[in-house]
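# Coordinates in review
Letter by letter, the chains look like this.
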Amino acid sequence: SPVPFAVGSVDGAGGESTPQVSGTRTGTHAGAGADADAAFIASSLRDSPPETNVESLTSGETGHAEGGPNTSKDGGGSDEGSDASLLNHAVDESYHKFAPSASAAVPTYENVTVGEDGIVPEGLPDWVDSIPSDGVCFVRRSVFSGHSAAARCCRLSGGGAAAASASADKSARVWTIGDDSTDRNATIYCGADVLSLAWESSGDRLLLLGTAERSIKAWNADTRRIMGDLSVDAATPYVCDLHLSPSAAEPCFVSAACSLPGPTAMRSGRRGVVTLWSASTLKRLHTLPLGNDAPGVSSVRLSPVDGKLAAVASDDSLVRLFDASSRAFCGVLDCGAAGCTGSGVCVRFGESADVLHVLTTDGELLEWDVRMGSNVSTSVAGGVFDGGSASGAIGGGACVTSRALVAPLGCAMSSIDGTQRPPEMAWARGLDGGVSGAPLLLMTSRAACAPLVDARSGGARGALLYHAAGCTSVDWHHASALALSATADGRVVVSSPPA
């Protein structure tokens, strides 16, 4: 059935704003025919100023961007009476106070190093105290509010000039965070819960939104308009994950859709499908072969640099690798054979395609050396791999180079705002601090903070502390060294390591 949508201004107060554009779209867009498709997409991709029927944020509005684009970005500085001061008051109430001494002024999070003299915020989990004194102490840059329900997903744009958040309030919001003059602020009312988001890997224009009602919407952040609305199969209406290829030569994206929502439904009855789409024409290319009784899928990722490999984490405790273009099966990691009790719900490649990090429902973190558990050829991986044998196609413990338990940090299946939510992670590329050069991963947590985790030991090496509710989603932009986090109270936080 047609999925209603509307585009309105960001009112920021969490209430309804008057939609500026409304209607229904099915298929690729509201028009019909290949010629109309091409014309619609081409017109949306052309550089043009934002349309006047979509209002942008103004500095006079209240409640929409606390410490946001129109205020100081030093982690709390703003004019008296601004939203940032309201935020600081709310944070103080939620986190109580730092109390190094009875007479000392209450310091802010920005100027206290976690672990320094044993000082930690009262009320935070015990693991925060284990962060070493040289751990990463993040500085809050901006806090955005406006969602009327939990923010379940957040992503930074490839160019680092914008962020997006998706919520159970049936909307997605785009926030301007860069220094350029383009105003991308917008609220996209989708008529259904927004489950997943994905930006293009090197720009700030194309944003994909996956909903709970068979829809993948393509949003042009420059013109602030829907440039396409794709329909997935009726049998798998829940679009739980999306990822755009980093390759400019062959632009495509991958989607994971399921018959039942979320890992709460991880049972034999949940079915999934992984589809590859063209990012230039918004046409379906093919699906990846998951078998006759295809299990539900929680996470998909295309390999860095060339996007030629697709990693798929499914409910049957397997993480499969495919050649994305030929659909050829390349290898599989059996989480059970590797000693895990949970199934993989989040997969992330490292700097190259030869390392894959897998996070399970039970808070187990695996590092998979794909070269040891795949039959990926050098032609598929662009020369990254040494190649593998068919006998190594079924990977178990032999291809797992490290295994750590991160559940004590709250990084496991958890109930936030009454809904079971899977853990999520983002590779903090460019950050140092892991033991013996181990990569660092930002992770979600049921606690009101997000740990920065050593990928091999599982130890906390830092934390995002600026939350008043459980952390539901995280992302990282390596070029600008920005961390993005979303919370169960609907806020979105931008942080960075100290300069």
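Presented here is an overview of the structure given in this document. (Residues numbered from 1 in each chain as written. Predicted model: local features only at pLDDT ≥ 70, side-chain atom pairs only at ≥ 80, totals over all residues. Heavy atoms only, no water.)

Within the protein chain, the secondary structure is distributed over three helices and 35 strands. Burial statistics for the protein chain: of 499 residues in total, 57% are counted as buried. Pairs at least 24 residues apart make up 54% of the contacts formed inside the protein chain by residues separated by at least 6 positions. (Helix = DSSP H or I, 4+ residues; strand = E, 2+ residues; numbered from the N terminus. Buried < 20%, exposed > 50% of the residue type's maximum accessible area, 1.4 Å probe, protein only. Contact = heavy atoms within 4.5 Å.)

As a further point, take the nonpolar core. Within the largest apolar cluster, 21 residues are counted, with the highest numbers of intra-cluster contacts made by Trp127, Leu365 and Met443. When residues of this core are traced back to their parent elements, those giving at least two are β29 (425-427), β30 (440-443) and β32 (460-464). Sequence-distant contacts of Trp127, defined by excluding residues within four places in its chain, comprise Pro408, Leu409, Cys449, Ala450, Pro451, Ala460, Gly462 and Ala463. One finds Leu321, Cys330, Val358 and Val400 within the second-largest nonpolar core, a separate group that totals 20 residues. (Core = buried A, V, L, I, M, F, W, Y, C linked by side-chain atoms within 4.5 Å.)

This part takes up the environment of Leu356. Here Leu356 shows up in strand β23 (residues 355-360). Aside from chain neighbours lying at most four places away, what touches Leu356 is Ala311, Val319, Val347, Arg348, Phe349, Leu366, Glu367, Trp368 and Val370.

Looking at the element boundaries, Ser473 is found in strand β33 (residues 471-477). The contact partners of Ser473, leaving out residues within four places of it in the chain, are Arg152, Cys153, Cys154, Arg155, Glu424, Thr444, Leu484, Ser485 and Ala486.

All right, on to the sheet that holds β29 then. The strand order β4-β32-β31-β30-β29 describes an open sheet built from five strands, whose pairing is mixed. The sheet is open, and its two borders are formed by β4 (136-137) and β29, each paired with just one other strand. When strand β31 (residues 450-454) meets β32, the two strands line up antiparallel, connected through four bridges. The residue bridging Val453 from the neighbouring strand is Ala460, located in β32. (Pairing = 2+ DSSP bridges.)

As for its placement among the helices and strands, Asn185 is situated in the loop between β8 (171-176) and β9 (186-189). Residue class for Asn185 comes out buried when judged on its relative accessible area of 4%. Each C-alpha atom, one on Asn185 and one on Ala221, is 8.3 Å from the other, the two residues being 36 residues apart in sequence. A distance of 3.1 Å separates a polar atom in the side chain of Asn185 from a polar atom in the side chain of Asp183. (Polar contact = N/O pair within 3.5 Å; in protein donor to acceptor, adjacent residues only side chain to side chain.)

Within this structure, the stated rule accounts for 12 salt bridges. Note that Arg205 is salt-bridged to Asp222, the shortest N-O span being 3.3 Å. Residue Arg205 is located in the loop between β10 (194-199) and β11 (206-211), and its partner Asp222 is located in the loop between β12 (215-220) and β13 (225-231); the two are separated by 17 residues in the primary sequence. For Asp222, a relative accessible area of 17% puts it in the buried group. The partner of Arg270 in a salt bridge is Asp315, and the shortest N-O contact between them spans 2.7 Å. (Salt bridge = Lys/Arg side-chain N within 4 Å of Asp/Glu carboxyl O.)

What follows is about the sheet that holds β11. Across the sheet, which stays open at both edges, the four strands sit in the order β10-β11-β12-β13 with antiparallel pairing between neighbours. Each edge of the sheet is formed by a strand with only one pairing partner; in this case those strands are β10 and β13. Between one strand and the next, the sheet's axes are offset by a mean angle of 20°, whatever the strand orientation. Both β12 and β13 contribute to a ladder of six bridges, which runs antiparallel. Residue pairing in the sheet places Ile216 in a bridge with Leu230 of β13. (Axes fitted to C-alpha atoms, helices over the stretch in contact; angles between N-to-C directions.)

In terms of backbone geometry, most residues other than glycine have negative phi values and most peptide bonds are trans. In this structure, Ser317 takes a positive phi of about 70° despite not being glycine. With respect to the element layout, Ser317 can be found in the loop between β19 (309-314) and β20 (318-323). Positive phi outside glycine occurs at Arg327, with the angle close to 70°. By the secondary structure assignment, Arg327 is in the loop between β20 and β21 (329-334).

This part takes up the packing of aromatic side chains. By the definition in use, this model includes three aromatic pairs. Residues Phe253 and Trp277 carry aromatic rings whose centres are separated by 5.9 Å and whose planes lie at 5° to one another, so their mutual orientation is stacked. Of this pair, Phe253 sits in strand β15 (residues 252-258) while Trp277 sits in strand β16 (residues 272-278), and the two are 24 residues apart along the sequence. With a relative accessible area of 0%, Phe253 lands in the buried category. We classify Trp277 as buried; its relative accessible area is 3%. Geometrically, the ring pair formed by Phe322 and Phe329 is edge-to-face, given 6.1 Å between the ring centres and 75° between the ring planes. (Phe/Tyr/Trp six-rings, centres within 6.5 Å; stacked < 30°, edge-to-face > 60°.)

Our next topic: the environment of Val453. Structurally, Val453 is set in strand β31. Among the residues examined, Val453 registers a relative accessible area of 0% and is labelled buried. Distance in space between the C-alpha atoms of Val453 and Leu409 is 9.0 Å, their sequence separation being 44 residues. Those residues within four positions of Val453 in sequence are excluded, and the remaining contacts are Val406, Leu409, Pro439, Leu440, Leu441, Met443, Gly458 and Gly459.

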